[in-house]
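Breakdown of the fold
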Amino acid sequence: MRALTFHGPGDVRCEVVADPGVRDPGDAVVQVELAAICGSDLHVYRGHEVGLDAGTVLGHEFLGRVVAVGDDVGRLRPGDAVVGPFTTSCGACATCRSGLTCRCPRGELLGWVQQGRGLHGAQADHVRVPLADATLVAAPPDLDPAEVLLCGDVLATGMFCAEAADVRPGAEVAVVGCGPVGLMGVVAARERGAARVWALDAVPERLALAERLGARPLDVADDVALGRLRADGVDGVLEAVGSPAATRLAFDLVRPGGTLAACGVHTEAHFAFAPGEAYDRNLTYRAGRCPARRLLEPALELVRAGRYDLAAVFSHRLPLDEGPRAYELFDRKLEGCTKVLLVP
Ligand SMILES: [Zn+2]
Ligand SMILES: [Zn+2]
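In what follows, the accompanying structure is described. (Residues numbered from 1 in each chain as written. Chains lettered and ligands numbered in written order. Predicted model: local features only at pLDDT ≥ 70, side-chain atom pairs only at ≥ 80, totals over all residues. Heavy atoms only, no water.)

Coordination of the zinc ion (ligand 2) by the protein involves Cys90 (SG), Cys93 (SG), Cys96 (SG) and Cys104 (SG), with metal-donor separations of 2.3 to 2.4 Å. Every donor counted, the four donor atoms about the zinc ion (ligand 2) form angles of 105 to 118° at the centre, which fits tetrahedral coordination. When the donors of the zinc ion (ligand 2) are listed by position in the chain, the intervening gaps give C-x2-C-x2-C-x7-C. (Donors = N, O, S within 2.8 Å, 3.2 Å for Na, K, Ca; no water. Tetrahedral: all angles 85-135°; square planar, octahedral: opposite > 155°, others 65-115°.)

The structure is reproduced here in structure tokens:
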């Protein structure tokens, strides 16, 4: 089959690799009908996250059709349309039952193989999904596949971040970073009843999308507007970048007693604010990977309600063979690229 494989920073190739088969009795093999490139794929592409083996198939956002199942799979059959979260989970352990499916001890991140261990990804013709019964969810046939795909990662992550930021009805909220996850954070904050959602970014296309989704756009280069927002403060900040600068900006916006929720993937070793500053602000800080399996069904409900043009986050739709170019477009934000759909 064809797959997008990682060979080092800036080096993604579309190659022919062995078809994945059923390896464990709980596996399903899914024929991928749509995949997407996630901002966190760029952490690997840019060399910020290291450890991935050369030849690893990338990608963790996908939907498709089951083509084979192992003997222990009871809920899925070949032909079923499914959408996956970006990590597998067993659904039965204490961690899964607590709702933190992303930290299931048996779970794995799709598209991460390190020292020969791990799981190949979904930017490919086929993907093997372990723990398939508990991991995969039926993809409703009547919904836009591009929006269903978002439920497995970025929409779920936006919802998780708004939950972590404790967004309540009437709250004033800021979203730092209007990439796809930040944009979904705008939607999620509005859904939780936020009175006002500020969307902060430097890229005009992203700010325009945030405004379309109901946020008040704020260009971070606009010192006057930013100074005013800093002075007023907000109740909660969704930090959807994953950099020290974004953390610092988010911290500066939080009112005393407010919450800073980080869903950006951080790779730095230290906080961008001091413990004393957090104390003086009575700050609540939350961070972590989204339990996308827990939030997948609520995300599908949000899509079904149809209140937002969520598919607008996709600026490009390209065949899988053009994956290397897709990575370059997304990485360098060329051609107004906000997010790419890949069609195997
Ligand atoms: Zn992702
Ligand atoms: Zn589990």
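For the rest of this paragraph, the subject is the packing of helix H5 (residues 154-164) against helix H11 (residues 292-305). Remark: H5 packs on H11, axes separated minimally by 8 Å, with the N-to-C direction vectors making an angle of 105°. It follows that H5 is roughly perpendicular to H11 by the angle criterion. Contacts from Leu155, Ala156, Met159, Phe160 and Glu163 in H5 reach Ala292, Arg294, Leu295, Pro298, Ala299, Leu302 and Val303 in H11. A per-class count over the contact of H5 with H11 returns ten nonpolar, no polar and two charged. (Axes fitted to C-alpha atoms, helices over the stretch in contact; angles between N-to-C directions. Helix = DSSP H or I, 4+ residues; strand = E, 2+ residues; numbered from the N terminus. Parallel < 35°, antiparallel > 145°, perpendicular 65-115°, else oblique. Contact = heavy atoms within 4.5 Å. Nonpolar A, V, L, I, M, F, W, Y, C, P; charged D, E, K, R; others polar.)

For the zinc ion (ligand 1), the full set of protein donor atoms is Cys38 (SG), His60 (NE2) and Asp153 (OD), and the range of their distances to it is 1.8 to 2.1 Å. For the zinc ion (ligand 1), the donor residues sit on a single chain with the sequence spacing C-x21-H-x92-D. Linking His60 in the loop between helix H1 (39-45) and strand E4 (61-69) with Asp153 in the loop between helix H4 (145-150) and H5, this pair joins segments that are 93 residues apart in sequence. You'll find His60 and Asp153 in the same group, each marked buried. (Buried < 20%, exposed > 50% of the residue type's maximum accessible area, 1.4 Å probe, protein only.)

On inspection of all chains with the given rule, the structure shows zero disulfides. Here Cys263 is not disulfide-linked; the sulfur of Cys161 is the nearest cysteine sulfur, at 3.2 Å. Cysteine Cys290 is unpaired, with the sulfur of Cys102 as its nearest cysteine sulfur at 6.8 Å. You can call Cys290 buried: its relative accessible area is 2%. (Disulfide = S-S within 2.5 Å.)

The next point concerns the nonpolar core. If you look at the biggest cluster of nonpolar residues, it comprises 54 residues, and the most contacted ones within it are Leu155, Val167 and Leu310. Elements with a minimum of two residues in this core: strand E3 (28-36), H4, H5, strand E10 (172-176), helix H6 (180-191), strand E11 (196-201), helix H7 (204-212) and H11. For this core, the leading source of residues is H6, giving seven residues. Split by domain, the residues of this core number at least three in each of domain 1 (2-153 + 291-343) and domain 2 (155-287). Beyond its immediate stretch of four places on either side in the chain, Leu155 contacts Leu150, Met184, Ala299, Leu302, Val303 and Leu310. (Core = buried A, V, L, I, M, F, W, Y, C linked by side-chain atoms within 4.5 Å. Domains from an automatic or database assignment.)

Our next topic: the sheet that holds strand E13 (residues 234-239). Reading across from one edge, E12-E11-E10-E13-E14-E15 is the order of the six strands in this open sheet, with parallel pairing throughout. Each end of this open sheet is capped by a strand with a single partner; those strands are strand E12 (216-219) and strand E15 (284-287). Going across the sheet, the axis of each strand differs from the next one's by a mean of 20°, ignoring polarity. In the packing of helix H9 (residues 244-253) onto the sheet, the strands contacted are E10, E11, E13 and strand E14 (254-262), and the crossing angle to E14 comes to about 150°. (Pairing = 2+ DSSP bridges.)

What follows deals with unusual backbone geometry. One non-glycine residue, Gln115, lies in positive phi territory at about 50°. Among the residues examined, Gln115 registers a relative accessible area of 73% and is labelled exposed.

In total, this model carries five aromatic pairs according to the counting rule given. Look at Phe271 and Phe273: their rings are 5.2 Å apart centre to centre, the planes differ by 45°, and that puts the pair in the tilted class. The exposure class of Phe271 is exposed, given its relative accessible area of 53%. A centroid spacing of 5.0 Å and a plane angle of 85° characterise the contact between Phe271 and Tyr285, whose relative ring orientation is edge-to-face. Within this pair, whereas Phe271 is found in the loop between E14 and helix H10 (275-280), its partner Tyr285 is found in strand E15, the two being separated by 14 residues in sequence. Since its relative accessible area comes to 26%, Tyr285 is described here as partly exposed. Pairwise contacts between aromatic rings join Phe251, Phe271, Phe273 and Tyr285 into one cluster. Sitting over the ring of Trp198, Arg216 keeps its end group 5.7 Å from the ring centre. (Phe/Tyr/Trp six-rings, centres within 6.5 Å; stacked < 30°, edge-to-face > 60°. Lys NZ or Arg CZ within 6 Å of the ring centre and 35° of its normal.)

One pass over the full model with this rule turns up 24 salt bridges. With a closest N to O distance of 2.7 Å, Arg304 and Asp142 form a salt bridge. With Arg304 in helix H11 and Asp142 in the loop between strand E9 (137-138) and H4, this residue pair connects regions lying 162 residues apart in the sequence. Residue class for Arg304 comes out partly exposed when judged on its relative accessible area of 40%. Its salt-bridge partner being Arg212, residue Asp309 comes within 2.9 Å of it at the nearest N-O pair. With Asp309 in the loop between H11 and strand E16 (316-319) and Arg212 in helix H7, this residue pair connects regions lying 97 residues apart in the sequence. Taking relative accessible area as the criterion, Asp309 reaches 43% and is therefore assigned partly exposed. Residue class for Arg212 comes out exposed when judged on its relative accessible area of 59%. Among the charged side chains, a network of salt bridges with common partners joins Glu172, Arg196, Asp235 and Arg255. (Salt bridge = Lys/Arg side-chain N within 4 Å of Asp/Glu carboxyl O.)

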